[in-house]
Amino acid sequence: MALVVQKYGGSSVENATRVKRVAERIVQTRKAGNDVVVVVSAMGDTTDELLDLAGEVSPQPDPRELDMLVTAGERISMSVLAMAINDLGYQARSFTGSQAGMLTTAAHGDARIVDVTPGRVQAALDEGYIVIVAGFQGVSPDTKDITSLGRGGSDVTAVAMAAALKADVCEIYSDVDGVYTADPRIVPDAQKLDDISFEEMLELAASGAKILYLRSVEYARRYGIPLHVRSSYSNKPGTIVSGNLEDIPMEQALISGVAHDRSEAKLTVTRVPDHPGAAAQIFEIIAEAEIDIDMIVQNVSTAGNGHTDISFTLPKTDGDKAVKQLRKKQEKVGFEKVIYDENVGKLSLVGAGMRSHPGVTATFCQALADADVNIEIISTSEIRISVVCRDSDLNTAVKAVHDAFELGGEEEAVVYAGTGR
Ligand code: ADP
Ligand code: ASP
Ligand code: MG
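Residue positions within a chain follow its written sequence, with the count starting from 1. A letter from A marks each chain and a number from 1 marks each ligand, given out in the order of writing. Predicted model: local features are reported for residues with pLDDT of at least 70 only, side-chain atom pairs are reported and counted for 80 or more only, and whole-chain, interface and lining totals are derived from all residues. The basis for the side-chain values is all heavy atoms of the structure; hydrogens and waters are excluded.

Heads up, the condition is: UniProt positions are given in the numbering used here, feature names are shortened, and annotations may be inferred rather than shown by experiment.
The name an unreviewed UniProt entry gives the protein is Aspartokinase, with Salininema proteolyticum as the organism. Looking at the Catalytic activity (unreviewed entry) heading of the UniProt record, one finds this comment for the protein: "L-aspartate + ATP = 4-phospho-L-aspartate + ADP". What UniProt records for the protein under Function (unreviewed entry) is the sentence "Catalyzes the phosphorylation of the beta-carboxyl group of aspartic acid with ATP to yield 4-phospho-L-aspartate, which is involved in the branched biosynthetic pathway leading to the biosynthesis of amino acids lysine, threonine, isoleucine and methionine."

### Here we look at the site of ligand 2
The following threshold applies: Nearness is defined per residue: one heavy atom within 4 Å of the molecule or strand is enough. Counting of polar contacts relies on pairs of N or O atoms within 3.5 Å, with two restrictions inside protein: one atom must be capable of donating a hydrogen and the other of accepting it, and residues adjacent in sequence are counted only when both atoms are side-chain atoms. Accessibility throughout is a Shrake-Rupley quantity obtained with a 1.4 Å probe, and a residue counts as covered only by protein chains that appear here. When residues are sorted by character, Ala, Val, Leu, Ile, Met, Phe, Trp, Tyr, Cys and Pro go into the nonpolar class, Asp, Glu, Lys and Arg into the charged class, and all the rest, Gly among them, into the polar class.
Residues in contact with ligand 2, as listed here, are Ser-41, Ala-42, Thr-47, Glu-74, Phe-136, Arg-151, Gly-152, Gly-153 and Ser-154. Contact distances for ligand 2 include 3.2 Å between an oxygen atom and a side-chain N or O atom of Ser-41. A distance of 3.0 Å separates an oxygen atom of ligand 2 from a polar backbone atom of Ser-154. Here ligand 2 has 260 Å² of accessible area as a free molecule, and 87% of this is covered by the chains. Of the residues contributing to the shell around ligand 2, the split by class is two nonpolar, five polar and two charged.

### So, the packing of aromatic side chains
Here is the rule: Any two of the Phe, Tyr and Trp rings considered here, Trp counted by its six-membered ring, make a pair once their centres fall within 6.5 Å; the pair's planes then place it as stacked at under 30 degrees, edge-to-face at over 60, or tilted in between. Secondary structure elements follow DSSP: runs of H or I of four or more residues count as helices, runs of E of two or more count as strands, with numbering from the N terminus. Summary of the burial criterion: residues with accessible area below 20% of their type's maximum are buried, those above 50% are exposed, and those between are partly exposed, where the area comes from a 1.4 Å probe applied to protein chains only.
For the coordinates displayed, the defined rule picks out four aromatic pairs. A centroid spacing of 4.9 Å and a plane angle of 20° characterise the contact between Tyr-219 and Tyr-223, whose relative ring orientation is stacked. Linking Tyr-219 with Tyr-223, this pair stays in helix 8 (residues 214-223), spanning four residues, or about one helical turn. Its relative accessible area of 11% is what places Tyr-219 among the buried residues. Look at Tyr-223 and you get partly exposed, because its relative accessible area is 46%.

### A few points about the packing of helix 3 (residues 63-70) against helix 4 (residues 72-87)
Stated formally: Axis geometry follows a simple rule: fit a line to the C-alpha atoms, using only the stretch in contact for helices, then measure angles between N-to-C directions, giving values from 0 to 180 degrees. Should an angle fall under 35 degrees it is called roughly parallel, over 145 degrees roughly antiparallel, and 65 to 115 degrees roughly perpendicular, with every other angle called oblique. The contact definition used throughout considers only heavy atoms, calling two residues in contact when any of these lie within 4.5 Å.
Put simply, helix 3 and helix 4 touch, their axes get as near as 4 Å, and they point 20° apart. Taken as axis vectors, helix 3 and helix 4 run roughly parallel relative to one another. When helix 3 is examined against helix 4, the residues Met-68, Leu-69 and Val-70 are found in contact with a partner set consisting of Ala-72, Gly-73 and Glu-74. Broken down by class, the residue content of the contact of helix 3 with helix 4 amounts to four nonpolar, one polar and one charged.

### Considering the side chain of Glu-200
Basically, it comes down to this: Charge assignment in this entry is limited to Lys and Arg as positive and Asp and Glu as negative, and neither His nor the chain termini are counted. Take a side-chain nitrogen of Lys or Arg and a carboxyl oxygen of Asp or Glu: if they are within 4 Å of each other, that pair is a salt bridge.
Its place among the elements puts Glu-200 in helix 7 (residues 198-206). Although Glu-200 is buried, it forms no salt bridge, and the closest oppositely charged side chain is Arg-355 at an N-O distance of 7.3 Å. A distance of 3.2 Å separates the side chain of Glu-200 from the side chain of Ser-256, its partner in a polar contact.

In structure tokens, the structure reads:
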């Protein structure tokens, strides 16, 4: 008997009808002779709606209470899913993250898994139950409080459960047929990939491709768990995420995909004194505020000699904090001003093949030039090129780059559900 972990995202269980359809799929897997553990997300856009509600009640909700609120979404979906399975004549039992042994750090809103102790899950499996686990949540053994794992975190619940239970298969069900060469909501001729390496998937996820949550891919790579990404709306074969970069032949597909991200802003500190230590002071202020920065550029100040401008990108959610902290230390560091710009987007091109193809950057930049898209910041890794451009240019840029590398296919990509929120 194999042990299958299946994760169903919010768009797969957006209403009662869908919950029943998913219950049928789970029962089929069970009927085929497998033990099944299901990780489920909140129904549809429930998490966003709960966050909106909190925002209406309080401008800065208490993080502990916010986690109590948002984790309720998954409690609704897990229980109704269990009811639907029971009605099909199979026994199901649902567990919260805490009951399922998902132990995390105490960092509300962005907790990390520190251990998984799935004793109750294993016992229920041994008794013949189909087990449903609430995604996106855990409990801190230090504070005893309920935590959430960050947006999209049900993916990491699934991978962590699969690792802890030594599952044979970890399937991630969503509203598209797998991992595509670009977000099918933006690029209609994006092609589904049959497989992709962990490294490439990591770069895509880190660059904004939300089909998989970055930390779930990191976790899967660390524990060597292949991920099978597929649609809960079709029976198509999906995408297998597995294998390492070293195993990919150098001459393999140049590019695996294009990703985009609208969650970051650009911050520029102008007329920074051009001497050793000035950049260090700025980034220390940012680090002290516990803000993760992404791309950085430093260039000669337009305002004259002896000074530089430093720009970097950071999550929009940290924008206010960063501006406030920097302005506090303005005199000490000696810069002129802080310019904060939310109207930017990030575009990334990812591919293992670019390691051995020096022309990729030129083609990439030419495609953007031909589409009249101005590049504001560039950064690269071994298998990725990223640029920041105007937010209003981002969709055009994604399509232009996707076309320039001939990633499009004949078939139109299908998005079965979801609001893209
Ligand atoms: P779920 O609710 O199942 O977790 P998500 O909304 O988190 O689903 O992720 C699925 C969405 O990811 C798709 O609907 C699609 O718009 C988006 N997406 C972004 N980039 C990609 C990509 N490269 N391949 C497939 N989907 C992508
Ligand atoms: N419901 C959570 C969210 O919307 C977790 C998830 O869907 O993975 O972020
Ligand atoms: Mg998701």
